[in-house]
Amino acid sequence: MNKNMSMTGRAELTPLRQLTARIGSDPLLTHASTGNSSMKLEGVLWIKESGKWMANAIREDILIPLDLAEVKERVKQKVDPAEQYNGASIETAMHAMLPHRVVLHVHCVNTIAWAIRKDAPVQLAYQLGGLRWQWISYVPSGLPLAREIERVLSVRPDTDVLILGNHGLVVGGDDCAAVEDLLFQVQQRLTICPRKAGPTDRAALAAIADGSSWDLPDDDEVHALATDAISRGVLSGGLLYPCQSIFSSSTSPRLFRSVPCPDPRDQWESRFCTRPFLIIEGFGVLVRRTITPAQRAMMSGLARVIQRISSSAPIRYLTDEEVENSFMIASRYRELSNPNPYGCAR
Ligand SMILES: [Zn+2]
C-alpha cells in the first residue's frame, strides 16, 4: 500500500506518533526496536515498521499503512502477514486481530518481571483486579500469538489489557489518550522497586578495558548484572524472554553468566572475542566498543528487569526450543540488523 495514500490519515496519526515517541524514550517501557504501536483508520492499519525504534516516531516516518481487511484475511487463512508485506512488523497479525482503534505493545520491565513467573496468573489477578485483562502463556510472536489472542478475545471480547508470558504487555483503546492512561494504570499496579545493587568497581573495569577493545557501558544501571548476587543467580538459570537472545545474537544463556575478573596477562580478549559484553562477577560490566545501539538498549532493559525479580520468584525460563524458534523468526524479519559484528568464528 502506498505510504502517501491518505494525507488526512497522516494528520490523524500525529497523536500516535507523539505517544509512540514518548513510550519509546522510556527505558522502563521499550528497548531498541522492541515494542510497536498501531492505529486503525478508515480500513487502514497504520503500524510501526519492523526494526524501527519507537523513540524515533516524530523525526522518522516509522508507520506503514496496510489494508486491514486484507491482513485479517491472511490471518484467517493462517498466513502470517509479516511474511507477505515488506517491512511489516512481526506483530502485525496481533495488531490486526485486536478490535481496538489504537493498540500499544511494550516490553515494560515491571510487567516482564511478573510475566516470567510460573505463578504470574495468580499474582497478576491480585495486582490487576478490576481491569479488563487476560493472561497469555508464552507463544511465539507472529501468527501463533495472534491466534492465541483471537482465542482469548472470543471468550472475553471486552479485554483491553493482555499480559504476555515471558514477553510483555499489550494495551488497546479508542484513542491515544485512553491507551496511555490505561498503560499508566497497569504500570502503577505492577511497579516493583528495583533492588539496590552492590558498588561498581569502575577503576578495576577501566584498568581491564585500557588498551583493549572493551569499554564501560554508558548506562550505569547495567553493572547491576554483575554486582548483584541475586541478579547473577537469575541470569545463570536461563533466558527469560526472546529479546535477550535476539539482541545478543545467542541462543545460549552462557553469554549472560558472569565470569571471574580477567587477568590482564591472560588471553582473555581472544577467549571472549565472540561476546558483545562481559559480566564480571562483583566488578561490573564491560561492553565491546563495537557493541550496537540495539545491544546496549537490550542490556539496559535486562538489568532493569532482573533487578525487579526477587530471589524467591519461581521463574519460568524459556525452553531451548522456544529460544531457537524466536531467534529464527526474528532473523527473518530484520530484527537482527547485524548478527555477528565481531567478525569472530562462532
Ligand atoms: Zn514484543
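In what follows, the structure referred to is the one given above.
Residues numbered from 1 in each chain as written. Predicted model: local features only at pLDDT ≥ 70, side-chain atom pairs only at ≥ 80, totals over all residues. Heavy atoms only, no water.

A. The overall build of the chain, seen in detail. Of regular secondary structure, the chain possesses 16 helices and 10 strands. Its C-alpha radius of gyration of 20 Å places the chain within 12% of the 20 Å reference for a compact globule of 346 residues. A principal-axis box enclosing the C-alpha atoms of the chain has dimensions of 65 × 45 × 35 Å. Within the chain, contacts between residues separated by at least 24 positions form 70% of all contacts whose residues are at least 6 apart in sequence. (Helix = DSSP H or I, 4+ residues; strand = E, 2+ residues; numbered from the N terminus. Rg over C-alpha atoms; globule rule 2.2 N^0.38 Å. Contact = heavy atoms within 4.5 Å.)

B. View of the pairing of strand β6 (residues 161-164). Side chains of β6 alternate between two faces, with Val161 and Ile163 and Leu162 and Leu164 buried alike. With 4 bridges connecting them, strand β5 (residues 133-136) and β6 associate as parallel partners. Residue pairing for β6: Trp135 is matched across the bridge by Ile163. Summarising the sheet, β6 and strand β7 (residues 168-173) pair through 4 bridges and their orientation is antiparallel. Note on β7: the bridge partner recorded for Leu164 is Gly168. Counted between consecutive antiparallel strands, the loop separating β6 from β7 contains 3 residues, among which Asn166 sits at a positive phi close to 50°. (Buried < 20%, exposed > 50% of the residue type's maximum accessible area, 1.4 Å probe, protein only. Pairing = 2+ DSSP bridges.)

C. Summary view of the packing of aromatic side chains. Counted according to the given criterion, the structure contains 1 aromatic pair. Ring plane angle 50° and centroid distance 5.3 Å describe the contact between Phe256 and Phe277, whose orientation is recorded as tilted. With a gap of 21 residues between them, Phe256 in the loop between α13 (242-248) and α14 (268-271) and Phe277 in strand β9 (residues 277-280) connect regions that are remote in the sequence. One exposure class covers both Phe256 and Phe277, and it is buried. The residue whose ring lies beneath Arg288 is Trp214, and the NZ or CZ to ring-centre distance is 5.3 Å. (Phe/Tyr/Trp six-rings, centres within 6.5 Å; stacked < 30°, edge-to-face > 60°. Lys NZ or Arg CZ within 6 Å of the ring centre and 35° of its normal.)

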